[in-house]
Amino acid sequence: MPGIVIVGVQWGDEGKGKATDLLGERTDWVVKFNGGNNAGHTVVIGDEKYALHLLPSGILTPGVNPVIGNGVVIDLEVLMYELDALRSRGIDTSRLRISANAHIITHYHRTLDKVTERFLGKRQIGTTGRGIGPAYADKINRVGIRVQDLFDENILRQKIEGALDQKNHLLVKVYNRRAIAVEEILEDLLSYVERIRPMVCDTSLLLNEALDAGDVVVFEGGQATMLDVDHGTYPFVTSSSATAGGAATGSGVGPRRLDRVVGIVKAYTTRVGSGPFPTELFDEDGDRLRARGFEFGTTTGRPRRVGWYDAPITRYANRINGITDLVLTKLDILTGFDRIPVCVAYDVDGRRFDEVPVNQSDFHHARPIYEELPGWREDISGARTFEELPSAARDYVLALEEMSGTRISVIGVGAARDAVIVRHDLVD
Ligand code: GDP
Ligand code: IMO
Ligand code: MG
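Asker: Any details on the packing of aromatic side chains? Residues and values, ideally.
Answerer: One pass over the structure, following the stated rule, counts six aromatic pairs. Consider the rings of F294 and F296, whose centres lie 5.3 Å apart with planes at 55°: the pair is tilted. The exposure class of F296 is partly exposed, given its relative accessible area of 31%. For the pair W308 and F337, a centre-to-centre distance of 5.4 Å together with 80° between the ring planes defines the contact as edge-to-face. Of the two residues, W308 is situated in the loop between β13 (305–307) and β14 (309–310) and F337 in the loop between β15 (325–329) and β16 (339–348); the sequence distance between them amounts to 29 residues. Residue W308 shares its accessibility class with F337, and that shared class is buried. A cation over an aromatic ring shows up here: R288 above the ring of F337, its NZ or CZ 4.1 Å from the ring centre.

Asker: Mind laying out the site of ligand 2, listing which residues take part and the relevant values?
Answerer: Close to ligand 2 lie 19 residues, the nearest being K16, N38, G40, T128 and T238. In the environment of ligand 2, an oxygen atom lies 2.9 Å from a nitrogen or oxygen atom belonging to the backbone of G40. One nitrogen or oxygen atom from the main chain of V272 is found 3.1 Å from an oxygen atom belonging to ligand 2. Coverage of ligand 2 by the protein amounts to 98% of the 550 Å² it exposes when considered alone. Residues of the shell around ligand 2, tallied by class, amount to six nonpolar, ten polar and three charged. There are two domains that each give the shell around ligand 2 at least three residues, and those are domain 1 (3–93 + 202–422) and domain 2 (103–197).

Asker: Explain the coordination of the magnesium ion (ligand 3) to me, using residue names and the numbers behind them.
Answerer: On the protein side, the magnesium ion (ligand 3) has D13 (OD) and G40 (O) as donor atoms, found 2.0 to 2.1 Å from it. A residue pair is termed long-range when its members are at least 10 positions apart, and D13 in the loop between β1 (3–8) and α1 (16–23) and G40 in the loop between β2 (29–32) and β3 (41–45) qualify at 27 residues. Assessed through its relative accessible area of 21%, D13 is described here as partly exposed.

Asker: Run through the packing of helix α3 (residues 107–120) against helix α4 (residues 132–141), naming residues and quoting values.
Answerer: Interhelical geometry of α3 versus α4 gives an angle of 115° and a closest axis separation of 7 Å. Of the two possible hands of crossing, α3 and α4 adopt the one that is right-handed. Each of Y108, H109, L112 and D113 in α3 lies in contact with α4, whose residues at this interface are I132, P134, A135 and D138. Residue composition of the contact of α3 with α4, by class: five nonpolar, one polar and two charged.

Asker: Break down the pattern of salt bridges for me, with residues and values.
Answerer: The final tally for this structure, using the stated rule, is 31 salt bridges. The partner of D92 in a salt bridge is R95, with the nearest N and O atoms 3.0 Å apart. Residue classification places D92 among the partly exposed positions, given a relative accessible area of 42%. Here R377 ties to D338 by a salt bridge, and the two come within 2.6 Å at their closest N and O atoms. Placement of R377 in the loop between β18 (367–374) and α13 (391–404) and of D338 in the loop between β15 and β16 is noted, with a sequence separation of 39 residues between them. Sharing partners across several salt bridges, the network here consists of D13, K266, E295, R304 and K330.

Asker: Explain a nonpolar patch on the surface to me, using residue names and the numbers behind them.
Answerer: On the surface, a nonpolar cluster with roughly 270 Å² of combined accessible area is contributed by F119, L170 and V174. One can find L170 in helix α5 (residues 153–174).

Asker: Account for helix α11 (residues 311–321), with residues named and values stated.
Answerer: Helical geometry: 3.6 residues make up each α-helical turn, so side chains three or four residues apart lie on a common side. Summarising burial for α11: eight of the eleven residues are buried, a large majority. By the burial criterion, the buried members of α11 are A311, P312, I313, T314, Y316, A317, N318 and N321.

Asker: Tell me what's going on with the domain arrangement of the protein, and back it up with residues and numbers.
Answerer: Often, the extent of an interface is quoted as the loss of accessible area upon association of its parts. Domain assignment breaks the protein into domain 1 (3–93 + 202–422) and domain 2 (103–197). For domain 1 and domain 2, the distance between their C-alpha centres works out to 29 Å. Each partner contributes residues to the interface: domain 1 has 29 residues there, and domain 2 has 22 residues. Taken together, the two surfaces of domain 1 and domain 2 that pack against each other cover about 2000 Å², and 57% of this comes from carbon and sulfur. Summed over the three residues of domain 1 that lose the most area to domain 2, namely V73, L76 and M80, the buried surface amounts to 30% of that side. Inspection of the domain 1/domain 2 interface yields two salt bridges. In this structure, D84 and R195 form a salt bridge, with 2.9 Å as the shortest nitrogen-oxygen distance. Linking domain 1 to domain 2 there are ten residue pairs in polar contact (both at pLDDT 80 or more).

Definitions and limits used
- Residues numbered from 1 in each chain as written.
- Chains lettered and ligands numbered in written order.
- Predicted model: local features only at pLDDT ≥ 70, side-chain atom pairs only at ≥ 80, totals over all residues.
- Heavy atoms only, no water.
- Phe/Tyr/Trp six-rings, centres within 6.5 Å; stacked < 30°, edge-to-face > 60°.
- Buried < 20%, exposed > 50% of the residue type's maximum accessible area, 1.4 Å probe, protein only.
- Helix = DSSP H or I, 4+ residues; strand = E, 2+ residues; numbered from the N terminus.
- Lys NZ or Arg CZ within 6 Å of the ring centre and 35° of its normal.
- Near = heavy atom within 4 Å.
- Polar contact = N/O pair within 3.5 Å; in protein donor to acceptor, adjacent residues only side chain to side chain.
- Areas by Shrake-Rupley, 256 points an atom, 1.4 Å probe, with all protein chains shown as cover.
- Nonpolar A, V, L, I, M, F, W, Y, C, P; charged D, E, K, R; others polar.
- Domains from an automatic or database assignment.
- Donors = N, O, S within 2.8 Å, 3.2 Å for Na, K, Ca; no water.
- Axes fitted to C-alpha atoms, helices over the stretch in contact; angles between N-to-C directions.
- Left-handed = near helix turned anticlockwise from the far one by under 90°.
- Contact = heavy atoms within 4.5 Å.
- Salt bridge = Lys/Arg side-chain N within 4 Å of Asp/Glu carboxyl O.
- Patch = residues over 30% accessible without salt bridge, like charges linked within 9 Å, V, L, I, M, F, W, Y side chains within 5 Å.
- Buried area = accessible area lost by both parts, 1.4 Å probe.

Shown next as structure tokens:
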């Protein structure tokens, strides 16, 4: 069972870092295939808490080979910062490999991200401001800069000139900002060349050889299904393919090599940034979920929007990703609620929708139709088998499994690394 994809089911922050970590010891390779430092994974190991943005969370597990695939956009300053931070805590980062085809986020991408958001005013996406969207736009526009361009100064200069040509007109004439000099960008990018050189290679070749040899390769998705540029709540999405198909294009392996697709889903729902969110709570229950679940962005520190579990979203994610196993995280955060509402369908201006409506306006108007499930009061964070859970918690999990249409193989009952109940092995 060598190729395992991990994807977020909802709007991100489901606890994907923990799932990668759980597979840790049996994993040979962990590949990040999309996104950039807009992601934020928090992994708790013992008393240590690690917040990673750009690096795949598998980098924390000794013996795992971390890879940044071609589908990722890389901010070199952030890359070096994260590597230094891990090294200073004694983590070996020397095995990191980076695709020569990955694209680079530069100063002008970050600037454009911020000014375009400001111009959107009320329609703003609420991006992380890290330059993700503009870097992917350049990639699709064929004016992006790739990691391999760093090693040929002439080519690099030409590419920066080409990219800045249009952008400086935009920055100066439309956004009223100063023009950015080619030399400034060139100098900045060149300053990283020697450090990055030993890490860069043909990661597609590397990964295909690893799969040929029977190694276990985990493809770690950033963001989530509902933030995917094709399948999410467009335009309130990120700019990459965060779904299982993105694992193939974003790493250069064929789809037939992806044996298992693991969807990570929180026992309730959160979202950062703008866009529709049918089960969103604005009341005390919401405040309680946010406080207990510590729902504040790892990347921007923004309070996350919170709401109840939404079963049609999980069914949708199953369909888009071909999910084989679900990991249900943060079940412990629901402890203490008398009744737990779960969204089973939507009401859209008097019409019932059992599935996520394809029309964005309908989804904006969707009001959740809830089924209420009984809560539990017992502390479940010490449970390590399904049978140790209180019966109401077991029934909650079984109800979600039934509604979602895919087996729940792992249940998260606490932030710690070992705070999980494994019902079905993810690797066998
Ligand atoms: P990611 O972006 O999907 O990797 O998720 P984040 O790291 O942004 O957010 C998930 C947070 O939930 C992290 O702080 C995890 O330590 C924490 N977490 C993950 N699983 C559980 C769980 O089962 N229970 C609790 N209480 N916390 C969890
Ligand atoms: P992880 O991997 C939650 C959201 C932003 C914004 C939208 C677009 O930790 O689950 P971008 O900067 O990507 O152009 O912003 O996407 N967003 C995330 N929300 N978790 C993430 O990553 C996110 N990455 C981007 O808040 O609404
Ligand atoms: Mg996160």
